[in-house]
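# Observations on the three-dimensional arrangement
Below, each chain spelled out in residue letters.
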Amino acid sequence: MARDAEYPFLFASDTGSAIGKAYGAYNAQYKLDNRNLFVVGPDGRIAYRATPFREIDPTSYTELAAAISKLVPADTTAH
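Here is a short report on the structure shown in this document. (Residues numbered from 1 in each chain as written. Predicted model: local features only at pLDDT ≥ 70, side-chain atom pairs only at ≥ 80, totals over all residues. Heavy atoms only, no water.)

Our focus in this paragraph is the environment of A18. By secondary structure assignment, the location of A18 is in helix 1 (residues 18-22). Of the residues examined, A18 reaches a relative accessible area of 54% and is grouped as exposed. Residues A18 and D33 lie 15 residues apart in sequence; the distance between their C-alpha atoms is 9.6 Å. (Helix = DSSP H or I, 4+ residues; strand = E, 2+ residues; numbered from the N terminus. Buried < 20%, exposed > 50% of the residue type's maximum accessible area, 1.4 Å probe, protein only.)

Okay, structure coming up:
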């Protein structure tokens, strides 16, 4: 798991594929997880899913930012 001061959320990796198997992201043929992305809201529920996450498509990041914006209130103190 990783945190970064610039991003107010947690990054995690599923090294044993347990989560990938539980969420149907595990590809048994290649013995690896697909690059799926889930955004979990403050209530613990999945608020957004990108299955698969197209990391080389700029639109994927626009969609991700929109999903996060719905969950994180805008900072009204910024100038």
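A few words now on the pairing of strand 6 (residues 46-50). Here strand 5 (residues 37-40) runs beside strand 6; their pairing, made up of four bridges, is antiparallel. Residue pairing in the sheet places V39 in a bridge with Y48 of strand 6. In this structure, the hairpin formed by strand 5 and strand 6 is closed by a connection of five residues, where G44 is found at a positive phi of approximately 85 degrees. (Pairing = 2+ DSSP bridges.)

Here the largest pocket is characterised by a volume of approximately 1,400 Å³. Lining the largest pocket are 33 residues, and of these L10, A12, N36, L37 and F38 lie nearest its centre. Considering every element that reaches the lining of the largest pocket, the biggest residue donor is strand 2 (residues 7-11), with five residues. Taken together, the residues of the lining of the largest pocket break down into 22 nonpolar, seven polar and four charged. (1 Å grid on protein atoms, 1.4 Å probe; cavity = no way out; pocket = protein on both sides within 12 Å on 5 of 7 lines; lining within 4 Å. Points joined across faces, edges and corners; volume = space filled by probe spheres on them. Nonpolar A, V, L, I, M, F, W, Y, C, P; charged D, E, K, R; others polar.)

We now examine the pattern of salt bridges. In the structure shown here, the tally under the stated rule is three salt bridges. The partner of R54 in a salt bridge is D57, and the shortest N-O contact between them spans 3.3 Å. Here E63 and R54 are joined by a salt bridge, their closest N and O atoms 3.7 Å apart. Residue E63 is classed as partly exposed on the basis of its relative accessible area, which comes to 34%. A residue is classified by how much of its surface remains accessible, and R54, at 38% relative accessible area, is partly exposed. Among the charged side chains, a network of salt bridges with common partners joins R54, D57 and E63. (Salt bridge = Lys/Arg side-chain N within 4 Å of Asp/Glu carboxyl O.)

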